Amino acid sequence: MADPVPDSKTPALLAFGLVAIGIVIAAVGGLTSGSIGGGIVAAAGAIPACIGMWKGIQQETQGTLAVSVLAVLVSLGVGGVLIVLRVIHWL
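Attention here is on the structure that accompanies the text.

Reading the values: the criteria
Residues numbered from 1 in each chain as written. Predicted model: local features only at pLDDT ≥ 70, side-chain atom pairs only at ≥ 80, totals over all residues. Heavy atoms only, no water. Axes fitted to C-alpha atoms, helices over the stretch in contact; angles between N-to-C directions. Helix = DSSP H or I, 4+ residues; strand = E, 2+ residues; numbered from the N terminus. Parallel < 35°, antiparallel > 145°, perpendicular 65-115°, else oblique. Left-handed = near helix turned anticlockwise from the far one by under 90°. Contact = heavy atoms within 4.5 Å. Nonpolar A, V, L, I, M, F, W, Y, C, P; charged D, E, K, R; others polar. Core = buried A, V, L, I, M, F, W, Y, C linked by side-chain atoms within 4.5 Å. Buried < 20%, exposed > 50% of the residue type's maximum accessible area, 1.4 Å probe, protein only.

## Quick notes on the packing of helix α1 (residues 10–28) against helix α3 (residues 46–59)
Then step 1. Relative orientation of the contacting elements α1 and α3 amounts to 160°, with a least axis distance of 7 Å. When the axes of α1 and α3 are compared, the pair comes out roughly antiparallel. Read as a crossing pair, α1 and α3 show a hand that is left-handed. Residues P11, L14, A15 and L18 of α1 lie in contact with α3, whose contacting residues are P48, A49, I51, G52 and K55.
Then step 2. Tallied by class, residues from the contact of α1 with α3 come to seven nonpolar, one polar and one charged.

The following block contains the structure:
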């Protein structure tokens, strides 16, 4: 029997879940006006995504690493956009 490999895509899925929660938080107050809280939650998705990147590097799997890198970029991008939209709305 082969040793079971833990699912290393779970952190990336958690990151995408945090991005979705951040967008929902922003949508409650009006998506075009942004949200500081939603942006922070979405950007916090980069933490589990970085853990997924580390696991992908350790397991030497390109698929896990690619999904995790995408999750980091999406998390930081959506979080930044939501925060910038809120700052612009204040001005």
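## A look at unusual backbone geometry
Then step 1. The phi dihedral of E60 falls on the positive side, at around 55°, and the residue is not glycine.
Then step 2. Mapped onto the fold, E60 is located in the loop between α3 and α4 (62–90).

## Digging into the packing of helix α2 (residues 36–44) against α3
Then step 1. Look at α2 against α3: their axes get within 5 Å of each other, and the N-to-C directions meet at 10°. Here α2 lies roughly parallel to α3, going by the angle between them. Along its contact with α2, which presents A42, A43 and A44, the element α3 presents A46, I47 and P48.
Then step 2. Looking at the contact of α2 with α3, its residues break down into six nonpolar, no polar and no charged.

## With respect to the nonpolar core
Then step 1. Formed by A12, A15, A49, A71 and V72, the largest nonpolar core amounts to five residues.
Then step 2. When sequence neighbours within four positions are dropped, the list of residues in contact with A15 reads G45, P48, A49, A71 and S75.

Distances and angles like these do not, on their own, reveal function.
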